[in-house]
Amino acid sequence: MRNRPRAVVDVAVVTVAAVAVSLLLAPGAAAGQALAGQSPADGWTPPRTPWGHPDLQGAYTNKTITPIERPADRAAQEFLTAEEAATLEREVLERNQELLDRPAQRTAATASVDVGVDGAPGFYNNFWLDRGTTSTGRTSIIVDPPDGRVPPLTPEAQRREDARVAARGMRGPADTWTDMDLNDRCMLWSVGPPMLPTGYNNNYLFLQTPDHVVIHVEMIHDTRIIPLDGRARIGRQVPQWLGQMRGRWEGDTLVVETTHLATTEEGSAFGNDPVRIRAANGGAGGGIRIVERFTRVAEDTIRYQFTVEDPSRWTRPWSGELPMRTADGPLFEYACHEGNYSIANVLSGERAREREAVAETGGSR
């Protein structure tokens, strides 16, 4: 979302000026295929900070029309052809224009709050969404397993998931605040790890000091503070929403390893977590490990790679890759905070509906 008050980023461990640069998007297919395994181009070296680290600082976006998982109709196809990428990008532009030009219409309730009539958004109109218009050139963000899909759950994790779904089916849509997703509750959304694109606000501000890298996330204003000094982790007994992050440089690549991620009540984590990293599902949630790699491969591009490991949940590790490209700054405030009016309104509205249903049947509650 734009046209909002400018955010103030105040990170105690960092005193670095942000670099705002113009958005330069290379053609989708060529960019995506070149990015896979890409090293900096011949003759180009990444800029350095005064203390010698590769300089990642500035504003970036990871928005893309490339889906997280590969569609079934492209099961054996890792890359799009240039023609296929151009067609998909043209279709997105045409669809955006169609939704912009058509007459206003009242949103009607559908099976999903996220999808309105004729595929239009159910919660905002298309003007407010910013998923991008370019492809990475791949058919999915996930690059391993080779089929571009999240691997199957382990038998025990599947049993927990089946039990969770069955139990949830016996409840109302808003029996308690724990039924709300983390983004409903303004806790976090798209902050990672891994950092995956969402409907809008796919913007990140990178800041550096000799001992820290900081990634400020525009969506619900979270800030990832990543120490580089080799400090010990603080123990599994202190899980955190963003996990315990520790970074190091391997050549020109920033490697960030995250453990000790907090998990949610009753596994609710859908809206902010498309692969449900933080969903408890009855599990302890202590075995997950996420490794991210940030490599500046061009003046306008960071190659972002990640691997997710959780042997208590998935049958194998899985990995993804996408570009983060320079974006117009600055980042803006996302005016959402824990404990705002929406949760109280949702719960009180559902209680009112229950009272009406009881009154209609002549019962009492």
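Above this note sits the structure.
Residues numbered from 1 in each chain as written. Predicted model: local features only at pLDDT ≥ 70, side-chain atom pairs only at ≥ 80, totals over all residues. Heavy atoms only, no water.

Participant: Explain the overall build of the protein chain here, please?
Facilitator: Along its length, the protein chain carries four helices and 10 strands. Ordered by position from N to C terminus, the α and β elements of the protein chain give α-β-α-β-α-β-β-β-β-β-β-β-β-α. Across the protein chain, the fraction of contacts at a sequence separation of at least 24, relative to all contacts at a separation of at least 6, is 68%. Total accessible area computed for the protein chain in this model is approximately 18,200 Å², and 54% of it derives from carbon and sulfur atoms. (Helix = DSSP H or I, 4+ residues; strand = E, 2+ residues; numbered from the N terminus. Contact = heavy atoms within 4.5 Å. Areas by Shrake-Rupley, 256 points an atom, 1.4 Å probe, with all protein chains shown as cover.)

Participant: Just checking my understanding: could you explain the side chain of T154 for this structure?
Facilitator: Residue position: T154 is located in the loop between β2 (142-144) and α3 (155-169). Classification of T154 as buried rests on a relative accessible area of 11%. Setting aside its immediate chain neighbours within four residues, T154 contacts P311, S312, R313, W314 and T315. (Buried < 20%, exposed > 50% of the residue type's maximum accessible area, 1.4 Å probe, protein only.)

Participant: How do you make sense of helix α2 (residues 82-101) when you look at a structure like this?
Facilitator: Helical periodicity: at 3.6 residues per turn, an α-helix aligns residues three or four positions apart in one direction. In a regular helix each residue adds 1.5 Å, so 20 residues correspond to 28 Å; α2 covers 29 Å between its end C-alpha atoms and thus fits that length. Inspection of α2 places A85, E89 and L99 among the buried residues, and these make up the whole buried set. Buried residues along α2 cover an arc of 95 degrees about the axis, so they all sit on one side. Set apart from the buried face of α2 by more than 90 degrees, the exposed residues are E83 and D101. (Expected span 1.5 Å × (residues − 1). Arc of directions from axis to C-beta.)

Participant: Can you help me understand the side chain of R325 in this one?
Facilitator: The residue R325 is located in strand β10 (residues 318-326) in this model. Comment: no salt bridge for buried R325; closest opposite-charge side chain is D300, at 4.7 Å. Looking at R325, its side chain comes within polar contact range of the side chain of T301, at 2.8 Å. (Lys, Arg positive; Asp, Glu negative; His and termini not counted. Salt bridge = Lys/Arg side-chain N within 4 Å of Asp/Glu carboxyl O. Polar contact = N/O pair within 3.5 Å; in protein donor to acceptor, adjacent residues only side chain to side chain.)

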